[in-house]
Amino acid sequence: MSVKYIPVQWNTNKYIYDAVMLLGVALFLYVFLYAAPDILSHERPINSQVHNARAFGACAFVMLTVILCIGPLARLDPRFLPLLYNRRHFGVMTTFVAITHAGYIVDWYFAFSSSNKYEALLFANTSYGQLAGFPFEAFGIFALFILIVLAATSHDFWMKFLSPPLWKRIHYLIYPAYLSVVAHVSFGILQDQQNHVFTGIFIGGAVLVGGLHLMAALQERRADQALLAPATEWVHVCDVSEMKNGFAKIKLLTGGDRVAVYLNAGKLSAISNACAHQNGPLGEGKIIDCLVTCPWHGFQYDVASGRSPAPFTEKVPTYNLKTEGTAVLVDVKANPPGTYVEPVPAPGQEGIS
């Protein structure tokens, strides 16, 4: 959480995350360039400049594949959540790797053109009407442009400036960028390849991304069906005996919103399940000192008011609660973000802290 612009808010987890990521990139490039130089074979020999370009291109594709796998993996198994916390660092590093790949390509393939090498990149091949020889460079340029935009707007400053919904929509462009990379590789490297080791990696990566997203979507759909509440003014959430102190029960309301009902020190409170930062699942977080901590990026909110502790200003909607016997019911109408609601005593939980 930040109230001023700091380029990188370093902590121990970020240092470890980035160190492991850099080690992985270095290991991949070493294996590609030196340990297994024949992983890609071609109809004619290639020089070191081209080999370097393809090493960085392959690395960028693998990194982008891993990035797109982290989200669904975290939904399928919470043990993958630590990979999600600093995923934007992963994206920025991928952008630099992709830029290096593009630099090698431009400096070799187009450096000897009679025209400017960047103009030659755009206009040397315009055979858009045929499959063989299709100018696959266009896909790479499009993907690189998107990656640069996403890296440049990755800081929370831009999320606050643009608003979280708009920022999130912009960062969904990672999916068309990935499709463009797939097309770039399909029309480019695979046309000149004899050894199909990378072909297998490429196809396997694309299938893995699609498969994990499908699995996560199906699991979310099943969970939504189990959580869906009937269309009434007050919705039954659970019995008090089913609740655990410091944790929430989540209910999907008929309008599509999720509410997280917490038991905290013998009292009940309800807030929106969507974090104001990136819509993270607050109901999967734990209460610490009356503050709900988002499991995605650590944003915190007072469980009674939906407000972040000062000096932070994030707010989420709250909900009114009542009990009937030991049953917990929530009002389907949300209060404005940051509205304080007096916690409701939980039957049978008096004196528990």
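Since the structure is predicted, the reported quantities are computational estimates derived from the model, not experimental observations. (Residues numbered from 1 in each chain as written. Predicted model: local features only at pLDDT ≥ 70, side-chain atom pairs only at ≥ 80, totals over all residues. Heavy atoms only, no water.)

A. A look at the overall build of the chain. In terms of helices and strands, the chain carries 10 helices and 10 strands. Within the chain, buried positions represent 42% of all 353 residues. Surface summary for the chain: the accessible area is close to 18300 Å², and the carbon and sulfur share equals 64%. (Helix = DSSP H or I, 4+ residues; strand = E, 2+ residues; numbered from the N terminus. Buried < 20%, exposed > 50% of the residue type's maximum accessible area, 1.4 Å probe, protein only. Areas by Shrake-Rupley, 256 points an atom, 1.4 Å probe, with all protein chains shown as cover.)

B. Structural context of a nonpolar patch on the surface. On the surface, Leu27, Tyr30, Val31 and Tyr34 cluster together into a nonpolar patch covering about 450 Å² of accessible area. Mapped onto the elements, Val31 comes out in helix H1 (residues 12-35). Classification of Val31 as partly exposed rests on a relative accessible area of 34%. (Patch = residues over 30% accessible without salt bridge, like charges linked within 9 Å, V, L, I, M, F, W, Y side chains within 5 Å. Salt bridge = Lys/Arg side-chain N within 4 Å of Asp/Glu carboxyl O.)

C. Looking closely at helix H2 (residues 48-76). With 29 residues, H2 extends 42 Å between its outermost C-alpha atoms, agreeing within 8% with the 42 Å of an ideal straight helix rising 1.5 Å per residue. Along H2, the helix axis deviates most sharply at Ile70, where the bend reaches about 30°; the proline Pro72 sits within four residues downstream. Burial of H2 is extensive: 22 of the 29 residues sit out of reach of the surface. (Expected span 1.5 Å × (residues − 1). Bend = angle between axes of the 7 residues up to and from the residue.)

D. Layout of the packing of H1 against helix H4 (residues 87-109). The N-to-C vectors of H1 and H4 enclose an angle of 30°; their axes lie 10 Å apart at closest approach. The two elements H1 and H4 meet at a crossing, and its hand is right-handed. Counting all contacts with H1, which are made through Lys14, Tyr17, Asp18, Met21, Leu22 and Val25, the residues of H4 involved are Arg87, His89, Phe90, Met93 and Val97. By residue class, the composition of the contact of H1 with H4 is 7 nonpolar, 1 polar and 3 charged. (Axes fitted to C-alpha atoms, helices over the stretch in contact; angles between N-to-C directions. Left-handed = near helix turned anticlockwise from the far one by under 90°. Contact = heavy atoms within 4.5 Å. Nonpolar A, V, L, I, M, F, W, Y, C, P; charged D, E, K, R; others polar.)

E. Highlighting unusual backbone geometry. Cis peptide bonds are those with omega within 30 degrees of zero, and the linkage from Ala310 to Pro311 qualifies with 10°. The phi dihedral of Ala265 is positive, around 55°, even though this residue is not glycine. Position of Ala265 relative to the elements: it lies in the loop between strand E3 (258-264) and strand E4 (267-272).

F. View of the environment of Thr339. Locating Thr339 in the fold gives a position in the loop between strand E9 (327-334) and strand E10 (344-345). Taking the relative accessible area as the measure of exposure, Thr339 reaches 27% and is therefore partly exposed. Separated by 68 residues in the primary sequence, Thr339 and Ile271 place their C-alpha atoms 9.8 Å from one another. Ignoring anything within four residues of it in the chain, the contact list for Thr339 reads Ala304, Ser305 and Thr318. Of note is the side chain of Thr339, whose polar atom sits 2.7 Å from the backbone oxygen of Pro336. (Polar contact = N/O pair within 3.5 Å; in protein donor to acceptor, adjacent residues only side chain to side chain.)

G. Quick peek at the nonpolar core. Formed by 51 residues in total, the largest nonpolar core has its most connected members in Phe90, Val97, Tyr178, Tyr262, Leu282 and Val292. Where this core is concerned, the elements lending two or more residues are H1, H2, helix H3 (81-85), H4, helix H6 (137-152), helix H9 (174-187), helix H10 (197-227) and E3. If near-sequence neighbours (up to four positions away) are discounted, Val292 is found in contact with Tyr262, Ile271, Leu282, Lys286, Ile287, Phe299, Gln300, Tyr301 and Val303. With 17 residues, the next largest nonpolar core counts Val259, Val261, Ala270 and Val330 among its residues. (Core = buried A, V, L, I, M, F, W, Y, C linked by side-chain atoms within 4.5 Å.)

H. Examining the pairing of E9 more closely. Note: strand E1 (residues 234-239) against E9, 5 bridges, orientation antiparallel. Along E9, the bridge assignment pairs Trp234 with Asp331. In this sheet, E9 lies alongside strand E8 (residues 318-324) in antiparallel orientation, the contact comprising 5 bridges. Bridge assignment links Glu324 to a residue of E9, and that residue is Ala327. Between E8 and E9, which pair antiparallel in sequence order, lie 2 residues; one of them, Gly325, sits at a positive phi of approximately 70°. (Pairing = 2+ DSSP bridges.)

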